[in-house]
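# Topology and contacts: notes
Take a look at the letters that make up each chain.
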Amino acid sequence: MTHEERAWRDFLHQTPSHPEGDVEAWRRRYAPFVDAVLRHRVVSSPKVCAVIIGWRSTRDLLESARCIRAQSGFSEDDLEILLVNNGEREPSPSELEAHFDLEVKMKRNVSPSPGRNIAAAWTSAPYIASLDDDGMIAPNYLETALRYFEDPLVAAVRTRIVARKHRYFTTLAEHYDRGDEVVADDLITEGSAILRRYVLLEVGVLRDS
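Computed from a prediction, not measured in an experiment: that's the story for all the values here.

### Describing the overall build of the chain
Along the backbone of the chain there are eight helices and seven strands. Counting the 209 residues in the chain, one finds 45% classified as buried. Considering only intrachain contacts with a sequence separation of at least 6, the fraction spanning at least 24 residues in the chain is 75%. Accessible area of the chain: about 11,100 Å², with a carbon and sulfur share of 51%.

Spelled out as structure tokens, the structure:
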């Protein structure tokens with residue numbers, strides 16, 4: 001076990017299982033594991049922050065970002081794309097800068113839940129859309145998903161995922177496609193989920209471990 005891995009293990013054991021406090025408290029919580037926060041482009045009033053948590057990503061990461069940028073119903077001023085960079089290998093720093101508005105570079109790999117918490121701490125958008133680094137969303141993905149939040153009681157939704165190349169993978173990964181009905185689901189798995197940021201900040205629903 002490396003020094004960084006021991007530090008992360010000790011951190012999880014010595015602190016609550018989910019963040020507590022305001023935004024600054026969340027930032028302080030994760031500060032020991034953040035190497036740098038890079039603002040590549042200022043988004044003045046983001047309505048949605050689309051978050052990709054990347055680790056050893058292929059060039060699909062850039063295609064994922066392009067799919068986000070091409071979303072219908074959003075301008076460049078109200079859609080922010082944030083990368084939680086757990087250690088990218090293929091895309092170059094200049095390519096990441098061209099595709100992402102905000103980049104949080106981590107000192108080590110973090111799992112999906114801490115990654116989403118970190119995004120909530122550094123964006124100001126009211127909604128956080130968490131996506132996989134090899135996922136390609138439809139052009140109306142965000143516009144369609146946000147309609148669920150017209151109901152003020154909806155705090156988060158998790159969306160359907162269908163494999164592009166592997167004909168059986170969606171069946172094997174049962175949490176990817178839960179069918180046509182709206183059902184209860186778990187937000188801590190990989191895939192796509194959209195959350196109200198203020199709810200996440202108030203109750204700290206995503207556990208670090």
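### Brief notes about the pattern of salt bridges
Close approach of charged atoms lets side chains of opposite charge pair. According to the stated counting rule, one finds seven salt bridges in the structure shown. Taking the shortest distance from any N to any O, the salt bridge between Asp101 and Arg41 comes out at 2.8 Å. Taken together, the residues span a long stretch of sequence, with Asp101 in the loop between helix 4 (93-99) and strand 4 (102-106) and Arg41 in the loop between strand 1 (34-39) and strand 2 (48-54) at a distance of 60 residues. According to the relative accessible area criterion, Asp101 is buried, its value standing at 1%. Through salt bridges with shared partners, a single ionic network connects Arg41, Arg69, Glu76 and Asp101.

### Description of the sheet that holds strand 7 (residues 193-196)
Spatially, 1-4-3-2-5-7-6 is the arrangement adopted by the seven strands of the open sheet, whose pairing is mixed. Across the chains shown, the open sheet's two edge strands, defined by having one partner strand only, are strand 1 and strand 6 (156-158). On average, adjacent strands in this sheet sit at an angle of 15° to one another, irrespective of strand direction. With three bridges connecting them, strand 6 and strand 7 associate as antiparallel partners. Bridge pairing links Ala156 to Leu195 in strand 7. Contacting strand 2, strand 3 (79-85) and strand 5 (127-131), helix 3 (residues 60-69) runs over the sheet at an angle of about 160° to strand 3.

### Observations regarding the packing of helix 2 (residues 23-30) against helix 5 (residues 112-122)
It is the contact of helix 2 with helix 5, at a shortest axis distance of 9 Å, that shows an interaxial angle of 135°. Overall, the two elements helix 2 and helix 5 adopt an arrangement that is oblique. Judged by the sense of rotation from one axis to the other, the crossing of helix 2 with helix 5 is left-handed. In this structure, helix 2 uses Val23, Trp26, Arg27 and Tyr30 to contact helix 5, whose residues at the interface are Pro114, Asn117, Ile118, Ala120, Ala121 and Trp122. For the contact of helix 2 with helix 5, the residue count by class is eight nonpolar, one polar and one charged.

### Quick notes on the confidence of the model for the chain
Confidence along the chain averages 82 in pLDDT terms, with 80% of residues attaining 70 or more. Within the chain, strand 3 carries the highest mean pLDDT (95), whereas helix 7 (residues 169-172) carries the lowest (53).

### Regarding helix 3
Structural remark: α-helix, 3.6 residues per turn; residues separated by three or four positions point the same way. Within helix 3, the full set of buried residues consists of Leu61, Leu62, Ser64, Ala65, Cys67 and Ile68. Here the buried face of helix 3 lies against strand 2, strand 3, helix 4 and strand 5.

### Quick notes on the side chain of Arg196
For Arg196, the position within the fold is in strand 7. Within the structure, the side chain of Arg196 is placed 2.8 Å from the backbone oxygen of Phe149, a separation counted as a polar contact. Not counting chain neighbours up to four residues away, the residues in contact with Arg196 comprise Pro126, Tyr127, Phe149, Asp151, Pro152, Val154 and Ala155.

Definitions and limits used
- Residues numbered from 1 in each chain as written.
- Predicted model: local features only at pLDDT ≥ 70, side-chain atom pairs only at ≥ 80, totals over all residues.
- Heavy atoms only, no water.
- Helix = DSSP H or I, 4+ residues; strand = E, 2+ residues; numbered from the N terminus.
- Buried < 20%, exposed > 50% of the residue type's maximum accessible area, 1.4 Å probe, protein only.
- Contact = heavy atoms within 4.5 Å.
- Areas by Shrake-Rupley, 256 points an atom, 1.4 Å probe, with all protein chains shown as cover.
- Salt bridge = Lys/Arg side-chain N within 4 Å of Asp/Glu carboxyl O.
- Pairing = 2+ DSSP bridges.
- Axes fitted to C-alpha atoms, helices over the stretch in contact; angles between N-to-C directions.
- Parallel < 35°, antiparallel > 145°, perpendicular 65-115°, else oblique.
- Left-handed = near helix turned anticlockwise from the far one by under 90°.
- Nonpolar A, V, L, I, M, F, W, Y, C, P; charged D, E, K, R; others polar.
- pLDDT = per-residue confidence, 0-100.
- Polar contact = N/O pair within 3.5 Å; in protein donor to acceptor, adjacent residues only side chain to side chain.

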